[in-house]
Amino acid sequence: AMAFARRDGNGWRISAGSLPPGLALDGGPDCLTWAGWAQVGTITPDDGTGERTEISGLAASRRNPGILWAHDDSGAEAILHALAEDGTLVQRYLLDAAPYDWEDMCLGPGPDPSLEYLYVGDVGDNGKRRAHVTILRVEEPLVSAVGAGLIPLAHDAFVLRYPDGARDCEALVVDWGSGTPYLIEKDEDGADAFRVPLPLDEAWTEGAPGLMEAATTGRPLPGSLTAADAARDGRRIVLRSYTLGYELTGLPELGFESAFLATPCTIAVPFLGQYESLALGGDGSSLYTTTELVLGDAVPLHRTDADPDHAGGMIEGTPTESGRWTITVEVRDTSGAEATRTLTIEIR
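Residues numbered from 1 in each chain as written. Predicted model: local features only at pLDDT ≥ 70, side-chain atom pairs only at ≥ 80, totals over all residues. Heavy atoms only, no water.

Participant: Whenever I open this one, the pattern of salt bridges confuses me. Can you help?
Facilitator: A side chain of one charge can pair with a side chain of the opposite charge if their charged atoms are brought near each other. For the structure on display, the rule yields 18 salt bridges. Between Arg-195 and Glu-257 there is a salt bridge, and its shortest N-O distance comes to 2.5 Å. One end of the pair, Arg-195, is in strand 16 (residues 193-195); the other, Glu-257, is in the loop between strand 21 (245-249) and strand 22 (265-267), and 62 residues separate them in sequence. Salt-bridge contacts for Glu-346 lead to Arg-324; the nearest nitrogen and oxygen are separated by 3.2 Å. You can see Glu-346 sitting in strand 29 (residues 338-347) and its partner Arg-324 sitting in strand 28 (residues 323-332), a full 22 residues away along the chain. Salt bridges linked by common partners bring Asp-164, Arg-167, Glu-185 and Asp-192 together as one network. (Salt bridge = Lys/Arg side-chain N within 4 Å of Asp/Glu carboxyl O. Helix = DSSP H or I, 4+ residues; strand = E, 2+ residues; numbered from the N terminus.)

Participant: Explain the state of the cysteines to me, please; I cannot follow it from the model alone.
Facilitator: In the structure shown here, the tally under the stated rule is one disulfide. One disulfide bridge connects Cys-31 with Cys-265, the sulfur atoms lying 2.0 Å from each other. A torsion of 85° about the S-S bond marks the disulfide between Cys-31 and Cys-265 as right-handed. Highlighted residues: Cys-31 in the loop between strand 3 (23-26) and strand 4 (38-43) and Cys-265 in strand 22, separated in sequence by 234 residues. The exposure class assigned to Cys-31 is buried, which follows from its relative accessible area of 15%. (Disulfide = S-S within 2.5 Å. Buried < 20%, exposed > 50% of the residue type's maximum accessible area, 1.4 Å probe, protein only.)

Participant: Would you mind showing me how to read the layout of surface pockets here?
Facilitator: One water molecule sets the probe size; rolling that probe over the atoms shows where empty space is left. When its volume is computed, the largest pocket comes out at roughly 200 Å³. If you trace the largest pocket, you find 14 residues lining it, with Ala-98, Asp-122, Thr-134, Val-159 and Glu-206 closest to the centre. Residues belonging to the lining of the largest pocket are distributed by class as follows: eight nonpolar, three polar and three charged. (1 Å grid on protein atoms, 1.4 Å probe; cavity = no way out; pocket = protein on both sides within 12 Å on 5 of 7 lines; lining within 4 Å. Points joined across faces, edges and corners; volume = space filled by probe spheres on them. Nonpolar A, V, L, I, M, F, W, Y, C, P; charged D, E, K, R; others polar.)

Participant: Help me out: how do you make sense of the sheet that holds strand 22 in this one?
Facilitator: Adjacent strands of a sheet pair through backbone hydrogen bonds, lying either parallel or antiparallel. Taken in spatial order, the four strands of this open sheet run 19-20-21-22, and their pairing is antiparallel. Edge strands, defined here as strands with exactly one partner in the open sheet, are strand 19 (225-230) and strand 22. When strand polarity is set aside, the average angle formed by the axes of neighbouring strands in this sheet is 25°. Sheet analysis places strand 20 (residues 236-241) next to strand 21, joined by five bridges and oriented antiparallel. Residue pairing across strands places Arg-236 opposite Thr-249, the latter belonging to strand 21. (Pairing = 2+ DSSP bridges. Axes fitted to C-alpha atoms, helices over the stretch in contact; angles between N-to-C directions.)

Okay, here's the thing in structure tokens:
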């Protein structure tokens, strides 16, 4: 057996050459080990407007280091809050939209490959009555260090319907590789994921909504999911319910949706509250979560970091031929960065 290290548990693949007959690459990826949650900040609601009392969506910026994006639940204005990592408000942005029930947000790619975009899911439907739901896409702004009131922000809106009737979804992820959004159902008995077809089309309106496609059938995801996020490597999805967190890891050769079929790894999460948000840090090696306001006059903001010590990939087996083989193995970490290693294997 031959081992080679990977820092964060992501999978290796052979990008050039081939292994000697009888050998195989066990490249993962595997689940991360999280070091434990710590409170890193406190989010204070606005007493005058009620803002930041029901935070339901959270995303960690890479363009704006140290900034967390947040939004409120149903009944709130269409406002995106830029928060510092200690929970203090830095800036607010107003969208020209009329929210019904914003439930989750995430970052992902979009039309300009040099930029990142915020996706907001106006998808809440506790009674499963909505004929359609909406995903909003916003070019992530550069946040000023000094607040300047409420700043207008342009957005695109995509109205969608499910293929088989209304669903209650509170979790949204975007595949960083393809830009495909996915909605993940909230159901106590287990959940399905739904794929938004590409290209996203602004012609999808209430009168002519786009049609989502089932991405999973017959093997439910964990139940009562309230939030999700996807790593930039395209192989890792994190989820949370009110009481538990989960990590799903897909296989590089099978694509992003293979993560939905993986056996979930369980992550301990804070749960004494109404937790409906979860976000991966910009480099994929940290997690953030916070709760809606339930008790007191502020809510805690929690963070955990991935343990950097993980097992390496393994080349295993019994060779059946002698000779010399050169291969290149490739890994992408959770930030999306790539690295390769070229190995020569000689069998005598």
